[in-house]
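# An overview of the molecular structure
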Amino acid sequence: MPDSGPLGSSPPEQRPTPPTAVPDAPAPVGADLSVPPIPSGFLASLHPPVTLPGRPQAPSPPPPPPSAPPTAVPDAPDTTAADSALRAVLRGPTGPGTASLAVADRYSAPPSDPVPPAPAPAAEGRAVPGLYHHPVPEPDPVRVEEVSRRIKRWAEDEVQLYPEEWEGEFDGFSVGRYMVACHPDAPTVDHLMLATRLMVAENAVDDCYCEDHGGSPVGLGGRLLLAHTALDHCHTTAEYAPQWRESLASDPPRRAYHSAMDYFVRAATPSQADRYRHDMARLHMGYLAEAAWAQTGHVPEVWEYLAMRQFNNFRPCPTITDTVGGYELPADLHARPEMQRVIALAGNATTIVNDLYSYTKELDSPGHHLNLPVVIAERERLSERDAYLKAVEVHNELQHAFEAAAADLAQACPLPTVLRFLRGVAAWVDGNHDWHRTNTYRYSLPDFW
Ligand SMILES: CC(C)=CCC/C(C)=C(\C)COP(=O)(O)OP(=O)(O)O
Ligand SMILES: [Mg+2]
């Protein structure tokens, strides 16, 4: 763990906040999921065409920008034609005043390498039939390897995260591939590590406090609250502060939260760190609702389940896309109701993706594990298959609504940071799907087709 000095760490550099361009609009009352007309240009740029190995290649984009931010490890040359299309989109805005928004140089082909190497073979794993999603380019294998190496060192040496017998599961989680796929615009591996540590820590808390690695709904509120103080520090008296400080090292989830947050706070602005704390408080509230229902054996209505899953949700992951990308979406733009809706829909779509891919794993796990197909089957008296297929439709509507909301916001507020943030969230959504699809160690599809 780095020397953090006093807990709470030193205040990072303050960055100016640009003025907002969108007039204050009331938050939509009730979830209006109707899909409005979509400005086609921005939508297309959210999800550029991806050419998969063995299929025709996308046309080459114009040459990439010459400037290159520093990188922590040597970046890999472009490996796929699919990268080309993505590169064209992620290059971001051009013109006066946009230099600071330029995206990572990893999309720049080295000048001395005129013949691109063969595309990496696509990873295995079948997409859920009928699931509306966007393929992503194969994540840069050099980055994946480096992130995987560093995260294992962090987990074992800095936070003593797991006993030896869990090593296989840690490796099988493939967090390196996950984070590289979700953050294609991270300028360096150091930036990717911010997201990777947090992802591992979030899963450690979920597994060890809530789920099958010693977790239980009983007493969860107390455990979660104390772990939350690793993210949102306890400011207390001289007498009690040492006990609190010691508690942060007292179990793997707290060590992981504390260390991952310490790195994050050093790289983020104060408002980015606070955004993350707020999203984690949301997540913990979602865990508690799920646990309360598990304790009493309550099966919620479908809409209630979806409300709970909006909190017990991947949201804290896509919302750090700007910190991982090395820029800041200013707090007042992040707080806009239109942006909040985009983020909520993205989080919901990604989380229902988890419900679909983890369905068989959760059927096999002890107890009655709720997920969307299970709740639909029970509450709407559908067969397991019909309920699953209906859950796919729910996902698809959420994904379309996310894209429509993002496109609307892009049109109403075409500030470069807003556009880049929206692209970052969309990339996270697509990378998340790809990780679920390809993680055959963890997930397998039911036999419904
Ligand atoms: C990364 C993060 C914020 C995780 C918190 C919540 C979480 C683990 C999910 C949204 C995934 O859901 P689930 O607990 O069902 O995970 P698995 O199906 O066990 O992979
Ligand atoms: Mg799941």
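The rules behind each value
- Residues numbered from 1 in each chain as written.
- Chains lettered and ligands numbered in written order.
- Predicted model: local features only at pLDDT ≥ 70, side-chain atom pairs only at ≥ 80, totals over all residues.
- Heavy atoms only, no water.
- Helix = DSSP H or I, 4+ residues; strand = E, 2+ residues; numbered from the N terminus.
- Contact = heavy atoms within 4.5 Å.
- Expected span 1.5 Å × (residues − 1).
- Buried < 20%, exposed > 50% of the residue type's maximum accessible area, 1.4 Å probe, protein only.
- Near = heavy atom within 4 Å.
- Polar contact = N/O pair within 3.5 Å; in protein donor to acceptor, adjacent residues only side chain to side chain.
- Areas by Shrake-Rupley, 256 points an atom, 1.4 Å probe, with all protein chains shown as cover.
- Nonpolar A, V, L, I, M, F, W, Y, C, P; charged D, E, K, R; others polar.
- Donors = N, O, S within 2.8 Å, 3.2 Å for Na, K, Ca; no water.
- Phe/Tyr/Trp six-rings, centres within 6.5 Å; stacked < 30°, edge-to-face > 60°.
- Lys NZ or Arg CZ within 6 Å of the ring centre and 35° of its normal.
- Core = buried A, V, L, I, M, F, W, Y, C linked by side-chain atoms within 4.5 Å.

In the annotation of an unreviewed UniProt entry, the entry for the protein chain reads Terpene synthase, and the organism field reads Streptomyces gottesmaniae.

## Some words on the overall build of the protein chain
Across its full length, the protein chain carries 18 helices and zero strands. Expressed as a percentage of contacts within the protein chain between residues at least 6 apart in sequence, the contacts between residues at least 24 apart total 82%.

## With respect to helix 9 (residues 252-267)
A rise of 1.5 Å per residue sets the reference length of helix 9, with its 16 residues, at 22 Å; its end C-alpha atoms lie 23 Å apart and thus fit the reference within 8%. Within helix 9, 13 of the 16 residues are buried, which leaves the element mostly enclosed by the surrounding structure.

## Considerations on the site of ligand 1
For ligand 1, the set of nearby residues contains 18 residues, the closest of which are Asn-354, Lys-361, Glu-362, Arg-442 and Tyr-443. In the model, an oxygen atom of ligand 1 is placed 3.0 Å from a nitrogen or oxygen of the Asn-354 side chain. Considering ligand 1 on its own, with 500 Å² of exposed area, one finds that the protein chains cover 97% of that surface. Mapped by element, the contributors of at least two residues to the shell around ligand 1 are helix 6 (189-210), helix 10 (270-296) and helix 15 (359-364). Looking at side-chain class alone, the shell around ligand 1 contains six nonpolar, five polar and seven charged residues.

## Focus: unusual backbone geometry
One non-glycine residue, Gln-160, adopts positive backbone phi at about 40°. In this fold, Gln-160 is placed in the loop between helix 3 (141-158) and helix 4 (167-173). A relative accessible area of 41% means that Gln-160 is categorised as partly exposed.

## Examining the coordination of the magnesium ion (ligand 2)
All of the protein donors around the magnesium ion (ligand 2) are Asn-354 (OD1), Ser-358 (OG) and Glu-362 (OE); their distances to the metal are 2.0 to 2.3 Å. Along the chain, the residues that donate to the magnesium ion (ligand 2) are spaced as N-x3-S-x3-E. Residues Ser-358 and Glu-362 agree in their burial class; the two are buried.

## Some thoughts on the packing of aromatic side chains
Two aromatic rings are characterised by how far apart their centres lie and by the angle between their planes. Applying the stated criterion to the full structure yields 13 aromatic pairs. Ring centres 4.0 Å apart and planes at 0° place the aromatic pair Tyr-178 and Trp-435 in the stacked group. Placement of Tyr-178 in helix 5 (residues 175-182) and of Trp-435 in helix 18 (residues 416-438) is noted, with a sequence separation of 257 residues between them. The same class applies to Tyr-178 and to Trp-435, which are both buried. Between the aromatic rings of Tyr-359 and Tyr-388, the centroid separation amounts to 5.2 Å while the plane-to-plane angle is 65°, which identifies the pairing as edge-to-face. Of this pair, Tyr-359 sits in helix 15 while Tyr-388 sits in helix 17 (residues 384-412); the two residues are 29 residues apart in sequence, bridging distant segments of the chain. By relative accessible area, which is 3% here, Tyr-359 ends up buried. Through a chain of ring-to-ring contacts, the aromatic side chains of Phe-173, Tyr-178, Phe-314, Trp-428, Trp-435 and Tyr-443 assemble into a single cluster. Cation over ring: Arg-197 sits above Tyr-263, and NZ or CZ is 3.5 Å from the ring centre. Here the guanidinium or amino end of Arg-223 rests over the ring plane of Tyr-209, the centre of that ring lying 5.8 Å away.

## Observations regarding the nonpolar core
Counting 107 residues, the largest nonpolar core has Trp-154, Leu-161, Tyr-178 and Phe-402 as its most contacted members. The contacts of Leu-161, once residues within four sequence positions are left out, are Ala-155, Phe-170, Val-200, Ala-204, Pro-252 and Ala-256.

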